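Geometric and topological summary
Given next are the chains, with one letter for each unit.
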Amino acid sequence: MLRSTVGQEIAELVEQEARVLLERVGIHSPPVDAFRVANELGLTIQIDPMLKTRGYSRKRWELGTIVVGSKNPGKSERKQFTIAHEIGEVSLRGKVEEAVLEEASNLMAVNLLLPREWFCRDAKASDFDLLELKMIYSTVSHEVISSRMLEFRLMIITIFDNGKLYRRKSSYPFPVRTSYPLERQCLMDVTASGKKIFLSDEKIRVTGWPIFWQDWKRVILGTEFDEWEVSSRQ
Ligand SMILES: [Zn+2]
């Protein structure tokens, strides 16, 4: 439902390919370390401080080299994603059309780092708690984890950086408002307290998670409508 440009067929192929790769390198539980996957597959990773883009891969499967930039050295989650993406490019080249290779490689990164079956199980077990999932899938950013959550539950995920809207995505099959009063309240409460906050009224439930780093305050909200609300609007 959230797969915009690549079709269902490619999405399934990518998922299957990710399963095979993880099996092949003997990773059977999270977290998935993309460096380890690359190494087990015989891919060499070079860190190039001069590289302007995030990364690229040099073709040939067995002799492949992945080059990643060293920008944001503290952001190891970004490097993990970049490497997982490049593994995608190497393994999907020739299997999907060149025109969708980039998009399919992003999908591959998500499926390598947050494999469908594991993630679905853990998301349900944690009742879709972003912070709990982040502890399990420690190599993946809160942003990518929260986006993956939308594939397994009807909800809205909204990300604010220092109080400003950064991204809002919904998995509901109907249009949602740009914001709800309870969401604004939750954003304020999380920003002020630095704690996870849960608010609900008769219509919606909002959970807010703080992702604060030094003086950077990111808040992610998960919003759900009550059952009757969903059924009455479908
Ligand atoms: Zn790429």
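Above this text you will find the structure in question.
Analysis parameters
- Within any chain, residue numbers begin from 1 and follow the written order of that chain's sequence.
- Given that this is a predicted model, residues contribute local features only at a pLDDT of at least 70 and side-chain atom pairs are listed and counted only at 80 or more, while totals for whole chains, interfaces and linings are drawn from all residues.
- The axes are straight lines fitted to the C-alpha atoms, using for helices just the contacting stretch, and the angles between their N-to-C directions are given from 0 to 180°.
- Helix and strand assignments follow DSSP, with helices taken as H or I runs no shorter than four residues and strands as E runs no shorter than two, numbered in order from the N terminus.
- An angle below 35 degrees is read as roughly parallel, one above 145 as roughly antiparallel, one from 65 to 115 as roughly perpendicular, and any other as oblique.
- Handedness of a crossing follows from how the near helix is turned relative to the far one, being left-handed for an anticlockwise turn of less than a right angle and right-handed for a clockwise one.
- We call two residues in contact if the C-beta atoms placed from their backbones are at most 7 Å apart.
- Each residue gets one label: Ala, Val, Leu, Ile, Met, Phe, Trp, Tyr, Cys and Pro are nonpolar, Asp, Glu, Lys and Arg are charged, and the others, such as Gly, are polar.
- By our criterion, buried Ala, Val, Leu, Ile, Met, Phe, Trp, Tyr and Cys residues that link up through C-beta atoms within 7 Å make up a nonpolar core.
- Residue burial is a threshold on neighbouring C-beta atoms within 10 Å of the residue's own C-beta, all placed from the backbone, with 20 or more meaning buried, 12 or fewer meaning exposed, and counts in between meaning partly exposed.
- Here the limits of each domain have been adopted from an automatic or database domain assignment.

**Quick look at the packing of helix H3 (residues 76-92) against helix H4 (residues 101-113)**
Taken N-terminus to C-terminus, the directions of H3 and H4 make an angle of 120 degrees; their axes are 7 Å apart at the nearest point. Taken together, the axis directions place H3 and H4 in an arrangement best described as oblique. For the pair H3 and H4, the crossing hand works out as right-handed. For the pair formed by H3 and H4, the contact residues are Gln 80, Phe 81, Ala 84, His 85, Ile 87, Gly 88, Glu 89 and Leu 92 on the first element and Leu 101, Ala 104, Ser 105, Asn 106, Met 108, Ala 109, Leu 112 and Leu 113 on the second. Along the lines of polarity and charge, the residues of the contact of H3 with H4 split into 10 nonpolar, 5 polar and 1 charged.

**Comments concerning the packing of helix H1 (residues 8-25) against H4**
Two quantities define a packed helix pair, namely the angle between the axes and the distance from one axis to the other. H4 packs onto H1 with a crossing angle of 45 degrees between their chain directions and a minimal axis gap of 9 Å. Here H4 runs oblique to H1, going by the angle between their axes. Of the two possible hands of crossing, H1 and H4 adopt the one that is right-handed. The segment H1 lies against H4, with Ile 10, Ala 11, Val 14, Glu 15, Glu 17, Ala 18, Leu 21 and Leu 22 engaging Ala 104, Leu 107, Met 108, Asn 111 and Leu 112.

**Considering unusual backbone geometry**
If a residue is not glycine, its phi is most likely negative; likewise, a peptide bond is most likely trans. Along the chain, Pro 30 connects to Pro 31 via a cis peptide bond; the corresponding omega equals 0 degrees. Tracing the backbone shows Pro 31 in the loop between H1 and helix H2 (34-40). Of note in this structure, Gln 214 is not a glycine but carries a positive phi near 50 degrees. Tracing the backbone through its elements, the reader meets Gln 214 in the loop between strand S7 (204-213) and strand S8 (216-225).

**Things to note about the nonpolar core**
One finds Ala 34, Ala 84, Ile 87, Met 108, Leu 112, Leu 113 and Ile 145 to be the most contacted residues of the largest nonpolar core, which totals 47 residues. Here this core takes 7 residues from H4, the largest share from any one element. The residues that make up this core include at least three from each of domain 1 (8-117) and domain 2 (154-233). For Ala 84, the contacting residues outside a window of four places in its chain are Ala 34, Met 108, Ala 109, Leu 112 and Leu 113.

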